[in-house]
Amino acid sequence: MAETVVSPLIDKLISLLTQEAELLSGIDGEVADIKDELESIQSFLKDADARAAAEEDMSEGVKTWVKQLREVALRIDVFIDEYLLQMAQHHPQRHGLSGFLYKSARFIKMLKPHHEIATKVQEIKASLQKIMVRSESYRFQTAGQGSSSSAQNVRWNDPRKNSLYLTDADVVGIEAPREKLIGLLVKEPSHRKTTLAKKVYDHQTVRGHFDCHAWIPVSQSFNVEDLLRSMINQFCKGRMESPVSGIDAMDEESLINELRDYLQQKRYVVVFDDVWKIDFWEDIRLALLDNNKGSRIMITTRNTEVADFCKKDSDVHVHKLQALPSGKAWELFCKRAFQFELGGNCAPELEKLSRGIVEKCEGLPLAIVAIGGLLSTKDKTITNWKNLHDSIGFELGRNPHLAGVNKILSLSYEDLPYNLKSCFLYISMYPEDYSINCIRLIRQWIAEGFVKKFEGKTFEEVAEEYMIELIHRSLVQVSKVNFDGKVRKCRLHDLLREIVLQKVKDLSFCQVLSKQESTYEGITRRMSVDRVSYDVLKECKDTGIHSLLLFNINELPKSFISTFFVDFKLLKVMDFEDAPLDHIPEDVGSLFHLRYLSLRNTRVEMLPKSIGKLQNLETLDLKQSLVSDIPVEIKKLRKLQHLIAYYRDNKLDFSLAWEKGVKIEKGIECLKYLQKLYHVELNHGGVDLIKELGKLRQLRKLGVKNLTKETMRALCASIGNMNHLESLDVSSISENEIIDLQSISSPPQCLQRLYIKGCLEKLPEWIPQLQHLVRIKIFWSKLSDDPLKAFQNLPNLLELSISYQAYIGEQLHFQKGGFPKLKILSLEDLYGLYSLMIDEGASPLLERLVIGPCPQLKEVPSGIQHLRNLKELRFLDMPKEFEESLDLEQGSCFRIVEHVPFIYLRHKIGPGYYGYDWNRIPFQANQPELPLK
């Protein structure tokens, strides 16, 4: 589709013309003309894209027109980037007489390049004008801006229709949820997807319970009056009544009144199938009165926001569709693939390949049915099975048996606004089954320009909303959630990724080089490289690339890196994470457009001084690299927002030395847009550097190390100026060095996470005032007074860690009513702790409890039996008699913990952060292992 290329290009041109017009000196008029031409084309682009995608469109003319437009748009995008780069390289920074002479010399030198630029612009304008003229012959329909859902009018065979007519013998894996929903329908409302919903709707218990019934399919562009008429007609037909007279001439208000009158004394059930728009309920709710007779409304949707919208004025039960378990998925596949032979059983020689195919479907019934149906038509040979297994993505695009699956999985994508389409397509650059760090991904979106500015919000906050919307639309799967419920990692369903890979290839959005496809060809603005040899990599030289992501690369020779930045001069995103890289050349400074640079987990030790030339850089990620000093030139990066730079040496035990920050020179006060600075060694730079931190008013996350008693007062003064600070991590220079945070006159009221590593004379008195705190961790604080009193009434606290001699007293008491939302509690390395009391009603939501080593704690705290929500217990290097008390047969404390599903014992077996052995107490039966974090 051309919209994903043209619309962001228009936004880019508008931004340049309004905000950076001086950079377009000499061609601003031509650029404005190009923008106007593109805007004219944009008005009918949705119709053109829809017709180009229509399989029934016998004319190849529209497809060719869209392809040519896309290519011209890409040419314009590359041209603008190249022009801006050239202007940046030749833009003089001198003033006075020397500046005048310098400008004159540059002007003479650039006469020829400007002539070439003018020629390019004229060629682009001519190409656009020809495309515009050709568009007239296709009579495209204009449309308003918004979702690209024009394709809905294209005729295609919807495989979901089959689910309306399946017999019970044909259906697998819905027995339990069907019975649950039948019960709910005669008690409370419910939402589900088509197959299950239809089985519930048709069940005799449901049919007999209600006076009238209606099943209403809802299209993406539904008409409210048509839906109301359909309901009335179905109600009448089901009760064998005459149709309502004059119904076709009624307007919306008349139809609503007619329905309300008709349903006044009836118990009814209505199913609205496949609802897309969140405002659907607002359009329909007035017609469906609540007559207190137990009527029910069921809605199926792939967008959770639809369900959330209904909740605002209705009592709603949401039933989320789960993927088929592996056993049921296998049963369904065999029923389909071997339905005409072998009694529905898989041939032994095909089982390994068959299970691989089922695994790729990831429990998606629609895909299993379609692929199984396709295989049922083929000879049962290893060759046929292997061909499909190895090329499912290709088959989804071309095989008529699977066209419907492709279309259905594409519908949610087609409904996205163009900027979310770009965000979604970008995810396909990550390898199959890759669990993607969401922060990493959204910063790349921002660097690419996919995220729109929203008043009062940072780009990251807007991008997080984009991610949530993609999840709600069932396009992205959550693979890991943070302790506070925020999505930490995500992934694409394998089959959906196969479809997206075909789209990005067709759109020239990006090229994915892998072992399966290692040939670089065509025009593209993005490239992902996964598990290819260096011989393939060195052939990739495309100056038009915006984003380059590397995965599982074994070799990056210096000879390649030395010319790399010249070959990819228009890069915006360069992600070297986990790459075998140990050197960054001076040429990196030539990447004028670079906004995101990650050297995370590489062997790079030093940044070149030319890093200061990256005037558009927004993210510099040095985590787990070997960089320890940041060049003074960093102060020139006026747009820098995120500087992540620390190294954790896992060969060491956890201590202050385990994690190191970086040294930064004075001058960082210029980085006015900096939001994340994590971690800085404050014993280099002194008080002057600390005072400069106070001028970074946009900071959201700050980590500082090597604090001394003398530098604390300056730091407290600086922290008092950070009104937006959400996360603060402070570490002293040694475990015995006292750090006094009490003098922060105005603690940041937005603070959510607080980490204190060092000796405290007492806890800061302002901590109980921070109503937004969700996590507190204190280490080596050596507090003698019980710290729980300061924490127990924090209303949003989810995680608390008091560890490594943070408390040296003998007793901790969790009182009734305290810690109302706490989910995770860690009490580690408290060598003086003799007694741990937990009242009934304390920490009612606690899910994970970690205790030890606490050598004075001889028996399991009896209060654990009150923690009825506890899911996991970890005891670390506890005394022998303590562990023996947990024995199933003879342990005196077994009854205290028997309600906890997962209990682990940890023992130190060697040096280093991971030098531990974990054992699970085996008395909990039939429970899977939990991953230890």
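Residues numbered from 1 in each chain as written. Predicted model: local features only at pLDDT ≥ 70, side-chain atom pairs only at ≥ 80, totals over all residues. Heavy atoms only, no water.

## Structural notes on the overall build of the protein
The test is simple: Here a helix means four or more residues in a row that DSSP labels H or I, a strand means two or more in a row labelled E, and each is numbered from the N terminus. Only protein chains enter the calculation, and the probe is 1.4 Å; a residue is then buried if its accessible area is under 20% of its type maximum, exposed if over 50%, and partly exposed in between. Only the protein chains shown count as cover for residues, and all accessible areas are computed by the Shrake-Rupley method using a 1.4 Å probe.
Along the backbone of the protein there are 29 helices and 31 strands. Residues classed as buried in the protein amount to 54% of the 933 residues present. Surface exposure of the protein reaches about 42,200 Å², of which carbon and sulfur atoms provide 49%.

## Overview of helix α19 (residues 418–427)
Of all 10 residues in α19, 10 are buried, a share of seventy percent or more. Y418, N419, L420, K421, S422, C423, F424, L425, Y426 and I427 are the residues of α19 that are buried.

## Description of the confidence of the model for the protein
What counts is decided by this rule: Each residue gets a pLDDT score, which is the predictor's confidence in that residue and runs from 0 to 100. For this analysis, residues touch if any pair of their heavy atoms sits within 4.5 Å.
Across the protein, the average pLDDT comes to 82, with 83% of residues at 70 or higher. Between the elements of the protein, mean pLDDT differs from a low of 32, seen in strand β1 (residues 190–191), to a high of 98, seen in strand β13 (residues 619–621). Segment residues 144–157 is flagged for pLDDT under 50; beyond a separation of four residues in sequence, or across chains, it makes 37 contacts in the model. Considering only residues more than four positions removed or in separate chains, one finds that residues 184–192, a stretch of pLDDT under 50, has 42 contacts.

## Quick word on the packing of helix α14 (residues 351–361) against helix α16 (residues 382–390)
Condition: The convention used is that axes are lines fitted to C-alpha atoms, helices contributing only their stretch in contact, and that angles between N-to-C directions extend from 0 to 180 degrees. In these notes the angle categories are as follows: under 35 degrees is roughly parallel, over 145 is roughly antiparallel, 65 to 115 is roughly perpendicular, and the rest is oblique. Definitions for this section: a left-handed crossing has its near helix turned counterclockwise from the far helix by less than a right angle. A right-handed crossing has that turn clockwise. Three classes are used: nonpolar for Ala, Val, Leu, Ile, Met, Phe, Trp, Tyr, Cys and Pro, charged for Asp, Glu, Lys and Arg, and polar for all others, with Gly counted as polar.
Look at α14 against α16: their axes get within 10 Å of each other, and the N-to-C directions meet at 25°. Viewed along their axes, α14 and α16 adopt a mutual orientation that is roughly parallel. α16 is crossed by α14, and the crossing has left-handed handedness. Contacts between α14 and α16 pair L353, S354, G356, I357 and K360 from the former with I382, W385, K386, L388 and H389 from the latter. Its residues placed into classes, the contact of α14 with α16 shows 5 nonpolar, 3 polar and 2 charged.

## Some thoughts on helix α20 (residues 438–448)
By the criterion of burial, α20 is predominantly enclosed, with 10 of the 11 residues buried. Within α20 the residues assigned to the buried category are C438, R440, L441, I442, R443, Q444, W445, I446, A447 and E448. Following α20 by one or two positions, G449 adopts a phi angle in the positive range, close to 90°.

## Overview of the pairing of strand β28 (residues 848–851)
How we decide: For two strands to count as paired, DSSP must find a minimum of two bridges between them.
Residues of β28 alternate between two faces, with R848 and V850 on one and L849 and I851 on the opposite face, all of them buried. Relative to β28, strand β26 (residues 824–827) is paired through 4 bridges, and the arrangement is parallel. The residue of β28 that forms the bridge with L825 is L849.

## Topic: the side chain of R526
Relative to the elements of secondary structure, R526 occurs in strand β9 (residues 526–530). Assessed through its relative accessible area of 9%, R526 is described here as buried. Once residues within four sequence positions are removed from consideration, R526 is found in contact with Y426, M429, E448, F450, F509, C510, Q511, I545, H546 and S547.

## Quick notes on the sheet that holds strand β5 (residues 436–437)
The 3 strands lie next to each other as β5-β7-β6, forming an open sheet whose pairing is antiparallel. Each end of this open sheet is capped by a strand with a single partner; those strands are β5 and β6 (477–481). In the sheet, β6 pairs with strand β7 (residues 487–491) via 4 bridges, with the strands oriented antiparallel. Note that in β7 the partner of V481 across the bridge is V487.

## With respect to the packing of aromatic side chains
For clarity, the cut-off: Any two rings among Phe, Tyr and Trp, with Trp reduced to its six-membered ring, count as a pair given centres within 6.5 Å; such a pair is stacked if its planes are under 30 degrees apart, edge-to-face if over 60, and tilted if neither. Ring-over charges, as used throughout, are those where CZ of Arg or NZ of Lys falls within 6 Å of the ring centre and within 35 degrees of the ring normal.
Counted according to the given criterion, the structure contains 29 aromatic pairs. Judged by centre distance (5.3 Å) and plane angle (55°), the rings of Y430 and F551 are tilted. Placement of Y430 in the loop between α19 and β5 and of F551 in strand β10 (residues 547–551) is noted, with a sequence separation of 121 residues between them. With respect to burial, Y430 and F551 carry one shared label: buried. Plain terms: the ring middles of Y434 and F551 are 5.2 Å apart, the flat faces sit at 65° to each other, and that makes the pair edge-to-face. On the criterion of sequence distance, the pair formed by Y434 in the loop between α19 and β5 and F551 in strand β10 is long-range, its members being 117 residues apart. Y434 gets classed as partly exposed once you look at its relative accessible area, which sits at 24%. Clustering of aromatic rings is evident, with ring pairs tying together F654, W658, F779, W780, Y804, Y913 and Y914. A cation sits over an aromatic face here: K453 above F459, 5.3 Å from the ring centre. Against the face of F509 rests R526, its NZ or CZ located 4.2 Å from the ring centre.

## A short note on the nonpolar core
Operational definition: Residues belong to one nonpolar core when they are buried, are Ala, Val, Leu, Ile, Met, Phe, Trp, Tyr or Cys, and are joined through side-chain atoms within 4.5 Å.
Grouped together as the largest cluster of nonpolar side chains are 123 residues, with contacts concentrated most on F576, L677 and F791. At 5 residues, helix α26 (residues 709–719) tops the list of elements feeding residues into this core. Non-local contacts of F576, meaning those with residues more than four positions away in its chain, are made with L550, L556, I561, F564, F565, L581, I584, L597, S598, L599, R600 and T602. Counting residues in each nonpolar core, the second largest holds 41 residues, with C423, M429, A463 and Y466 among its members.

## Some details on the pattern of salt bridges
So the rule is basically this: Basic side-chain nitrogens of Lys or Arg form a salt bridge, by our definition, when they fall within 4 Å of a carboxyl oxygen of Asp or Glu.
Taken as a whole and assessed by the stated rule, the structure comprises 34 salt bridges. When the shortest N-O distance is used, the salt bridge between R525 and D81 registers 3.2 Å. Taken together, the residues R525 in the loop between β8 (511–513) and β9 and D81 in helix α4 (residues 61–90) connect sequence positions 444 residues apart. Each member of the pair R525 and D81 is classed as buried. Notably, a salt bridge pairs R526 with E448, separated by 2.9 Å at the nearest N-O pair. Residue R526 is found in strand β9, and its partner E448 is found in helix α20; the two are separated by 78 residues along the sequence. By the burial criterion, R526 is buried, and E448 matches it. It is possible to trace a salt-bridge network through shared partners that takes in R648, E659, K705, D729 and K757.

## Comments concerning a negative patch on the surface
To keep it simple, the criterion reads: Candidates for patches are residues over 30% relative accessible area with no salt bridge; among them, like charges are joined within 9 Å and nonpolar side chains (Val, Leu, Ile, Met, Phe, Trp, Tyr) within 5 Å. Here Asp and Glu are counted as negative and Lys and Arg as positive; His is not counted, and neither are the chain ends. Charge coordinates come from a single atom per side chain, which is NZ of Lys, CZ of Arg, CG of Asp or CD of Glu.
A contiguous patch of negative charge on the surface is contributed by D251, E252, E253, D279 and D283. Considering the arrangement of structural elements, one finds D283 in helix α11 (residues 280–284). With a relative accessible area of 31%, D283 lands in the partly exposed category.

## What about the side chain of T602?
Note the following rule: Polar contacts here mean pairs of N or O atoms no more than 3.5 Å apart (in protein, one a potential hydrogen donor and the other a potential acceptor; neighbouring residues in sequence count only if both atoms are side-chain atoms).
In this structure, T602 sits in the loop between β12 (596–598) and β13. Within polar-contact distance, the side chain of T602 engages the backbone oxygen of L599 at 2.7 Å. T602 has contacts with F576, D578, A579, L581, Q624, S625 and L626, leaving out every residue within four places of it along the chain.

## Notes on the environment of S137
On the secondary structure map, S137 appears in the loop between α5 (96–135) and α6 (175–185). Residue class for S137 comes out exposed when judged on its relative accessible area of 57%. For the pair S137 and G61, spaced 76 residues apart in the sequence, the C-alpha separation amounts to 9.8 Å.

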